[in-house]
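Remarks on the overall topology
Next come the chains, spelled out residue by residue.
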Amino acid sequence: MATIPGIGLVKGLWVTLKALFTKPVTVMWPDEKEQLAPRARGVIALDVDNCTSCMLCGRECPDWCIYIEAHKVEIQPDKPGGRVRTRNELDRFDIDYALCMYCGICVEVCPFDALYWSPDYEYSEFKISNMLHDKERLTEWLATVPDPPALEK
Ligand code: SF4
Ligand code: SF4
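So, here is what we can say about the structure in this document. (Residues numbered from 1 in each chain as written. Chains lettered and ligands numbered in written order. Predicted model: local features only at pLDDT ≥ 70, side-chain atom pairs only at ≥ 80, totals over all residues.)

So, about the overall build of the protein chain. When its secondary structure is counted, the protein chain shows four helices and five strands. Listing each helix as α and each strand as β along the protein chain from the N terminus yields α-β-α-β-β-α-β-β-α. The dimensions of the protein chain, computed from C-alpha atoms along their principal axes, are 95 × 40 × 35 Å. Across the 153 residues in the protein chain, those meeting the buried criterion constitute 14%. Of the contacts made within the protein chain by residues no fewer than 6 positions apart, 73% connect residues no fewer than 24 positions apart. (Helix = DSSP H or I, 4+ residues; strand = E, 2+ residues; numbered from the N terminus. Buried ≥ 20, exposed ≤ 12 C-beta atoms within 10 Å, placed from the backbone. Contact = placed C-beta atoms within 7 Å.)

Looking at the element boundaries, Glu136 is found in helix α4 (residues 135-140). For the pair Glu136 and Ala45, spaced 91 residues apart in sequence, the C-alpha separation works out to 9.9 Å.

All right, on to the site of ligand 1 then. Every one of the 13 residues lining ligand 1 counts as a neighbour, but Cys61, Cys100, Cys103, Ile105 and Cys106 are closest to it. Looking at the shell around ligand 1 residue by residue, the classes come out as 11 nonpolar, one polar and one charged. (Near = placed C-beta within 6 Å. Nonpolar A, V, L, I, M, F, W, Y, C, P; charged D, E, K, R; others polar.)

This part is about the pairing of strand β3 (residues 85-96). Bridging between strand β2 (residues 66-75) and β3 involves 10 bridges; their strand directions are antiparallel. Across the sheet, Val73 pairs through a bridge with Arg87, a residue of β3. Judged from the two bridges that link them, β3 and strand β5 (residues 132-133) form a sheet pairing that is antiparallel. When the sheet's bridge partners are listed, Ile95 is paired in β5 with His133. (Pairing = 2+ DSSP bridges.)

The strand order across the open sheet built from three strands is β2-β3-β5, with neighbouring strands paired in antiparallel fashion. Here the strands that pair on one side only, and so sit at the sheet edges, are β2 and β5.

Next up on the list: the site of ligand 2. Within the structure, ligand 2 sits among Cys51, Thr52, Ser53, Cys54, Met55, Leu56, Cys57, Ile68, Cys110, Phe112, Ala114 and Leu115. Grouping the constituent residues of the shell around ligand 2 by class yields 10 nonpolar, two polar and no charged.

So, about the pairing of strand β1 (residues 43-46). Of the two faces of β1, both are covered, the one formed by Val43 and Ala45 as well as the one formed by Ile44 and Leu46. Sheet analysis places β1 next to strand β4 (residues 115-118), joined by four bridges and oriented antiparallel. Of the residues in β4, the one forming a bridge with Val43 is Ser118.

Look at helix α1 (residues 7-20): 20 Å from first C-alpha to last across 14 residues, which is about the 20 Å you get at 1.5 Å a residue. By the criterion of burial, α1 is predominantly exposed, with just zero of the 14 residues buried. (Expected span 1.5 Å × (residues − 1).)

What follows deals with the nonpolar core. Grouped together as the largest cluster of nonpolar side chains are 19 residues, with contacts concentrated most on Ile44, Leu46, Cys106, Leu115 and Leu138. Of all elements in the fold, only β1, β2, β3 and β4 reach the threshold of two or more residues within this core. Ranked by residue count, the leading element in this core is β1, at four residues. Look past the residues within four positions of Leu115 in its chain and what remains in contact with it is Ile44, Leu46, Cys57, Cys106, Val107 and Cys110. (Core = buried A, V, L, I, M, F, W, Y, C linked by C-beta atoms within 7 Å.)

So, about the environment of Pro146. With respect to the element layout, Pro146 can be found in the segment after α4. In this structure Pro146 comes out as exposed when scored by C-beta crowding, with 12 C-beta atoms within 10 Å. Placed 28 residues apart in sequence, Pro146 and Ser118 show a C-alpha to C-alpha distance of 6.9 Å. Beyond its immediate chain neighbours, meaning those up to four positions away, Pro146 contacts Pro38 and Pro119.

Scope: geometric values only; no functional claims are made or implied.
In structure tokens, the structure reads:
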């Protein structure tokens, strides 16, 4: 089939012309902020008070990028003759965001509501080792976690 000479060029220019008058999907960050969905997966926040160091999130993480260390502490009984109980004390809880693929499995599997998604994404680093967020940094993200949606009436 005969082709018209230069038709490819015209088609290409037409695409360019259309794009010139279309609203861009990108924004001029950091001057302009993107409007994210409220439950967007930006960063994971940790509520240390809820974490029992059960290690479930670390075991289920497909990237093995959650590092947890804990030790046991003894809790003495309230009354004489009672049983001494033990409780896990969290020493280390790190997430390496250089490895994380934001699948959300850790947040889903946590049985104690200790992990939450925050839509904040402004934590890029020049040094890749700084992408490892420790317990304190993960706790700071809690302030950016949106409130849960209201219950249905
Ligand atoms: S979001 Fe997925 S990859 Fe990232 S820490 Fe959680 S389980 Fe691992
Ligand atoms: S699954 Fe939840 S409670 Fe268990 S170690 Fe992970 S964050 Fe802590």
